[in-house]
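These are the residues of each chain, in order.
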Amino acid sequence: MTDLHTHSEYSGDIKHGRGSTVREICLAAVERGVTTLAVTDHFDIDGIYEGYFPPLDHESVRRDIMTCREEFSGRLSLLYGIELGQATHMPAEAEELLAGRDYDIVLGSVHAVRGIIDFADTDLVSLSRGEVESLWERYLSELEDTVRWGKFDILTHITYPKRYFLKQGITDFPDIASRGREYFEPVLRALIERGITLECNTSGLRQIMGECLPARDLLEFYYELGGRDITLGSDAHHARDIGAGIRESAEMLADIGFKHITVFKNRVKSRIGIDTF
């Protein structure tokens, strides 16, 4: 079983003392049958450079991963990764970051559009419907721009803003259930064209959404378009959630028709049989 999207105590969105050490994450992974694990702490590049988020302690997280890689050798394949948010907001700085480090895996995320810090921190209910719709349209555009930039391995949680629309009581927009294919077709086609992997993020199963990000219909649409590179990530921000939702999501992907899960090592793509889950 693989879990390629997890966060340790070093992620800036985790309050001090609330997160888990890399070793605690590894122990949880082994206990739950995870055999390949990536620690991918947050680096939302504009938020960090502009001082909204604390800087990531690259040296400490890498040291802990390398120490645990040796300790858990033979039981766990531990990957050194990063979740790079909003790379297209500061592309030169993003490229410099990636060029200087020996990552196994780079996640590409869009947590915000230009003008806001994060959908998680935006007061959506105070906006007019037109402003809300504009934010959504800009999100889709920046998501596609991120794929076109393309200097990462996996595109994460593509329906991310929906979580915060729901949390703030906005249930009638965006209408992903009926318009999701229209919304996301350019992004999914660009992923396939660029050879970038799509993530099935299981965090929504344990949150208000009650579904993966993206949900089954968009995963089916991706498959229909010819997409075959798919990966699984719990987006765990604590050891207790390592591996959460992975097996049932793998079963769903197999039911759709996926035969393999995509994994990375030294940023080189390979595939493992989904039946191994």
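Below is a short write-up of the structure. (Residues numbered from 1 in each chain as written. Predicted model: local features only at pLDDT ≥ 70, side-chain atom pairs only at ≥ 80, totals over all residues. Heavy atoms only, no water.)

### Quick word on helix H7 (residues 176-194)
Now for step 1: Approximately 50° is the largest bend angle found in H7, and it occurs at Glu-185, with the proline Pro-186 only one to four residues beyond.
Now for step 2: Among all positions in H7, only Ile-176, Gly-180, Tyr-183, Phe-184, Val-187, Leu-188, Ala-190 and Leu-191 are buried.
Now for step 3: Against helix H5 (129-149), strand E5 (154-155), helix H6 (160-167), strand E6 (197-201) and helix H8 (216-224) lie the buried residues of H7.
Now for step 4: Just beyond H7, the residue with positive phi is Gly-195, at close to 75°. (Bend = angle between axes of the 7 residues up to and from the residue. Helix = DSSP H or I, 4+ residues; strand = E, 2+ residues; numbered from the N terminus. Buried < 20%, exposed > 50% of the residue type's maximum accessible area, 1.4 Å probe, protein only. Contact = heavy atoms within 4.5 Å.)

### As for the packing of helix H1 (residues 22-31) against helix H3 (residues 58-71)
In helix packing, the relevant descriptors are the interaxial angle and the interaxial distance, both defined with respect to the helix axes.
Now for step 1: At a minimum axis distance of 9 Å, the contact between H1 and H3 shows a crossing angle of 35°. Between H1 and H3 lies a crossing of right-handed hand. Between H1 and H3, the contacting residues are Val-22, Arg-23 and Cys-26 on the first element and Asp-64, Ile-65, Cys-68 and Glu-71 on the second. (Axes fitted to C-alpha atoms, helices over the stretch in contact; angles between N-to-C directions. Left-handed = near helix turned anticlockwise from the far one by under 90°.)

### What to know about unusual backbone geometry
Residues apart from glycine generally show negative phi values, whereas peptide bonds are mostly found in trans.
Now for step 1: Cis rather than trans, the peptide bond between Phe-173 and Pro-174 has omega equal to -5°.
Now for step 2: Summarising the element assignment, Pro-174 is placed in the loop between H6 and H7.
Now for step 3: Backbone torsion omega between Leu-213 and Pro-214 reads 0°, so that peptide bond is classified as cis.
Now for step 4: Relative to the helices and strands, Pro-214 resides in the loop between E6 and H8.
Now for step 5: Although it is not a glycine, His-157 adopts a positive phi angle of roughly 25°.
Now for step 6: You can see His-157 is positioned in the loop between E5 and H6.
Now for step 7: Unusually for a residue other than glycine, Asn-266 sits at a positive phi of about 55°.

### What to know about the packing of aromatic side chains
Now for step 1: Counting across every chain of the model gives 11 aromatic pairs.
Now for step 2: Measuring from centroid to centroid gives 6.3 Å for Tyr-222 and Phe-258, while their planes differ by 25°, and the two rings are stacked. Placement of the pair is Tyr-222 in helix H8 and Phe-258 in the loop between helix H9 (246-256) and strand E8 (260-265), with a sequence separation of 36 residues.
Now for step 3: Note on Tyr-222: relative accessible area 1%, which makes it buried.
Now for step 4: We classify Phe-258 as buried; its relative accessible area is 2%.
Now for step 5: Ring centres of Tyr-223 and Phe-258 lie 4.9 Å apart, and the angle between their planes is 70°; on these two criteria the pair is classed as edge-to-face. In this pair, Tyr-223 is assigned in helix H8 and Phe-258 in the loop between H9 and E8, connecting sequence segments 35 residues apart.
Now for step 6: Assessed through its relative accessible area of 21%, Tyr-223 is described here as partly exposed. (Phe/Tyr/Trp six-rings, centres within 6.5 Å; stacked < 30°, edge-to-face > 60°.)

### Here's the deal with the pairing of strand E3 (residues 77-85)
Now for step 1: With eight of its nine residues buried, E3 lies for the most part within the structure.
Now for step 2: As defined by bridge partners, E3 adjoins strand E4 (residues 105-109) across five bridges and the pair is classed as parallel. When the bridges of E4 are listed, Gly-81 appears paired with Ile-105.
Now for step 3: A crossover connection joins E3 to the parallel E4 through helix H4 (residues 91-99); in handedness this β-α-β unit is right-handed. (Pairing = 2+ DSSP bridges. Right-handed = clockwise from strand over helix to strand, strands pointing away.)

### Some words on the sheet that holds strand E1 (residues 2-6)
Now for step 1: Taking strand neighbours across the sheet as the criterion, the seven strands line up as E1-E2-E3-E4-E5-E6-E7 in an open arrangement whose pairing is parallel. Because the sheet does not close on itself, it has two edges, and the strands there are E1 and strand E7 (230-233).
Now for step 2: Across the sheet, H3 lies against strand E2 (36-44) and E3, angled at about 160° from E3, the strand it touches most.

### Section: the environment of Glu-220
Now for step 1: Mapped onto the fold, Glu-220 is located in helix H8.
Now for step 2: Spatially, the C-alpha atom of Glu-220 lies 32 Å from that of Asp-13, the residues being 207 residues apart in sequence.
Now for step 3: Not counting chain neighbours up to four residues away, the residues in contact with Glu-220 comprise Arg-181 and Ile-256.

### Things to note about the nonpolar core
Now for step 1: One finds Leu-37, Leu-84, Phe-119, Tyr-139, Phe-184, Ile-230 and Leu-253 to be the most contacted residues of the largest nonpolar core, which totals 81 residues.
Now for step 2: A total of eight residues in this core trace back to one element, the largest contributor, which is H5.
Now for step 3: Once residues lying within four places of it in the same chain are set aside, the contact partners of Leu-84 are Phe-43, Ile-45, Ala-94, Leu-97, Leu-98, Val-106, Leu-107, Gly-108, Ser-109 and Trp-149.
Now for step 4: Listed in part, the eight residues of the second largest apolar core include Ala-38, Leu-79, Ile-105 and Ile-154. (Core = buried A, V, L, I, M, F, W, Y, C linked by side-chain atoms within 4.5 Å.)

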